[in-house]
Amino acid sequence: MAENVEDFSVQPHELSSIKKVIGVISGKGGVGKSLVTSMLAVAMNRRGYHSAILDADVTGPSIPKAFGIKEKATGNEMGIFPIQSKTGIDIMSINLLLQNDTDPVIWRGPLIAGSVKQFWTEVIWSDVDFMFIDMPPGTGDVPLTVFQSIPVDGIIIVTSPQELVSMIVSKAAKMAEMMNIPIIGLVENMSYFKCPDNNKEYKIFGDSHIDEIAYKHNLKVLAKLPIDPEISAACDRGLIEELYDAAWLEPVAQILEEEMEEIK
Ligand SMILES: Nc1ncnc2c1ncn2[C@@H]1O[C@H](COP(=O)(O)OP(=O)(O)O)[C@@H](O)[C@H]1O
Ligand SMILES: [Mg+2]
């Protein structure tokens, strides 16, 4: 580690076992970061790995809803237990701790970063192969603190063609370099819409130039996801595990699986 970089990392709970930690980031909210996080956890779980999701997007937590989780997390003197989804994905989110999950979280940055740190230090994550972190959007103070606290093995950047993708990718690449964390690649969400009537693909938000941008930064475009009303309906109904049946993220799942083989 460089001399001028302070080590802010915190230890996980002593009963936790977490093999790989993947951070999912985006430039702003609403681009599908939580959806991609959820689908990745589902994809790895289906491949026989034990997946977990740490919902670090404290001011916009949407993971419990996508999985239809209504119960609250419990704990004992040892620590806090994540809630297990229907197919066995371990989940922790601020919404599982708040009395009333429609209450807004109006905390300032340090408190938000502090609660994410607690999801790492005080939650007992048992035998997790892949933990996916739904990061707070952007490259500001809060995501930075989270990255400094939790030993993330790789980052996936989610973009949509509506954004200033070039700027977002530049910033994310700089942050990753500062933190010394490899970027696994980019996922472009809402890339196109495939019309069910004629099977033609329409670029609703225009061309994103994602391939050029990725090339410029020496990054991979891992997947381009369509706009799919059925997938947003599945999230709304808490049925992401049951109703996500596309192979959109298989290239990412493949890369993650290969990384896991290396450490076996
Ligand atoms: N490819 C997609 N097709 C249809 N709806 C989508 C798609 N990606 C995201 N959505 C919907 O858009 C909204 C924002 O997505 P979400 O994953 O919550 O974004 P973020 O976590 O980046 O704020 C959600 O209602 C989600 O279901
Ligand atoms: Mg979200």
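Nothing here was measured: the structure is a model prediction, and the numbers come from that model.

How each quantity is defined
Residues numbered from 1 in each chain as written. Chains lettered and ligands numbered in written order. Predicted model: local features only at pLDDT ≥ 70, side-chain atom pairs only at ≥ 80, totals over all residues. Heavy atoms only, no water. Phe/Tyr/Trp six-rings, centres within 6.5 Å; stacked < 30°, edge-to-face > 60°. Buried < 20%, exposed > 50% of the residue type's maximum accessible area, 1.4 Å probe, protein only. Helix = DSSP H or I, 4+ residues; strand = E, 2+ residues; numbered from the N terminus. Near = heavy atom within 4 Å. Polar contact = N/O pair within 3.5 Å; in protein donor to acceptor, adjacent residues only side chain to side chain. Areas by Shrake-Rupley, 256 points an atom, 1.4 Å probe, with all protein chains shown as cover. Patch = residues over 30% accessible without salt bridge, like charges linked within 9 Å, V, L, I, M, F, W, Y side chains within 5 Å. Salt bridge = Lys/Arg side-chain N within 4 Å of Asp/Glu carboxyl O. Axes fitted to C-alpha atoms, helices over the stretch in contact; angles between N-to-C directions. Parallel < 35°, antiparallel > 145°, perpendicular 65-115°, else oblique. Left-handed = near helix turned anticlockwise from the far one by under 90°. Contact = heavy atoms within 4.5 Å. Expected span 1.5 Å × (residues − 1).

Student: Can you explain the packing of aromatic side chains? Please cite residues and give values.
Tutor: When we look at a pair of aromatic rings, we describe it by the centre distance and by the angle of the planes. Here the structure, examined in full by the defined rule, presents three aromatic pairs. Ring geometry for Phe130 versus Phe132: centroids 6.2 Å apart, planes at 20 degrees, classification stacked. A relative accessible area of 0% places Phe132 in the buried class. Pairing Tyr244 with Trp248 gives two aromatic rings, centres 6.0 Å apart and planes at 50 degrees, and the pair type is tilted. A relative accessible area of 2% places Tyr244 in the buried class. Taken together, the ring pairs connect Tyr49, Phe130 and Phe132 into an aromatic cluster.

Student: Account for unusual backbone geometry, with residues named and values stated.
Tutor: One non-glycine residue, Asp127, lies in positive phi territory at about 50 degrees. Along the chain, Asp127 falls in the loop between α3 (109-121) and β7 (128-134).

Student: Go over the site of ligand 1, please, and point to the residues and values.
Tutor: Inspection of the region around ligand 1 gives 14 residues, with Gly30, Ser34, Asn189, Pro226 and Asp228 positioned closest. Contact distances for ligand 1 include 2.8 Å between a nitrogen atom and a side-chain N or O atom of Asn189. The contact in question runs from a nitrogen atom of ligand 1 to an N or O atom on the backbone of Asp228, over 2.8 Å. Contact with the protein chains covers 78% of the free accessible surface of ligand 1, which is 550 Å².

Student: Talk me through a nonpolar patch on the surface; I want residue IDs and the actual numbers.
Tutor: Nonpolar side chains collect at one region of the surface, where Tyr202, Ile204 and Phe205 lie side by side and expose about 270 Å² of accessible area between them. Mapped onto the fold, Ile204 is located in the loop between β10 (201-202) and α6 (210-216).

Student: Give a description of the environment of Lys20 that names residues and reports values.
Tutor: With respect to the helices and strands, Lys20 occurs in strand β1 (residues 18-26). For Lys20, a relative accessible area of 11% corresponds to the buried category. Sequence separation between Lys20 and Phe132 is 112 residues; the distance between their C-alpha atoms is 8.5 Å. Polar side-chain contacts of Lys20 include one of 3.5 Å to the side chain of Glu259.

Student: Just give me the short version of the packing of α3 against helix α4 (residues 141-149), but keep the residues and values in it.
Tutor: Contact geometry for α3 and α4: axes closest at 9 Å, N-to-C directions at 30 degrees. Between α3 and α4, the crossing angle belongs to the class labelled roughly parallel. Here α3 runs over α4; the crossing is right-handed. The residues of α4 that touch α3, namely those facing Gly109, Ile112, Ala113, Val116, Lys117 and Trp120, are Val142, Thr145, Val146 and Ser149.

Student: Tell me about the pattern of salt bridges, residues and numbers included.
Tutor: Side chains bearing opposite charge may pair, as long as their charged atoms lie close to each other. This model, assessed by the stated rule, comprises 10 salt bridges. Between Glu242 and Lys86 there is a salt bridge; the shortest N-O distance is 2.9 Å. Note that Glu242 is positioned in helix α8 (residues 240-243) and Lys86 in the loop between β5 (83-84) and β6 (90-92), a separation of 156 residues in sequence. Taking the relative accessible area as the measure of exposure, Glu242 reaches 40% and is therefore partly exposed.

Student: I'd like a description of the environment of Phe81, backed by residues and values.
Tutor: Turning to its location among the elements, Phe81 is positioned in strand β4 (residues 80-81). Taking relative accessible area as the criterion, Phe81 reaches 31% and is therefore assigned partly exposed. For Phe81, the contacting residues outside a window of four places in its chain are Ala73, Thr74, Gly75, Asn76, Met92 and Ile124.

Student: So, α3: which residues are in play, and what are the values?
Tutor: The end-to-end C-alpha distance of α3, which contains 13 residues, comes to 18 Å, matching closely the 18 Å that a straight helix rising 1.5 Å per residue would cover. Packed against the buried residues of α3 are β1, β2 (51-55), β6, β7 and α4.

Geometric values such as these leave the question of function open.
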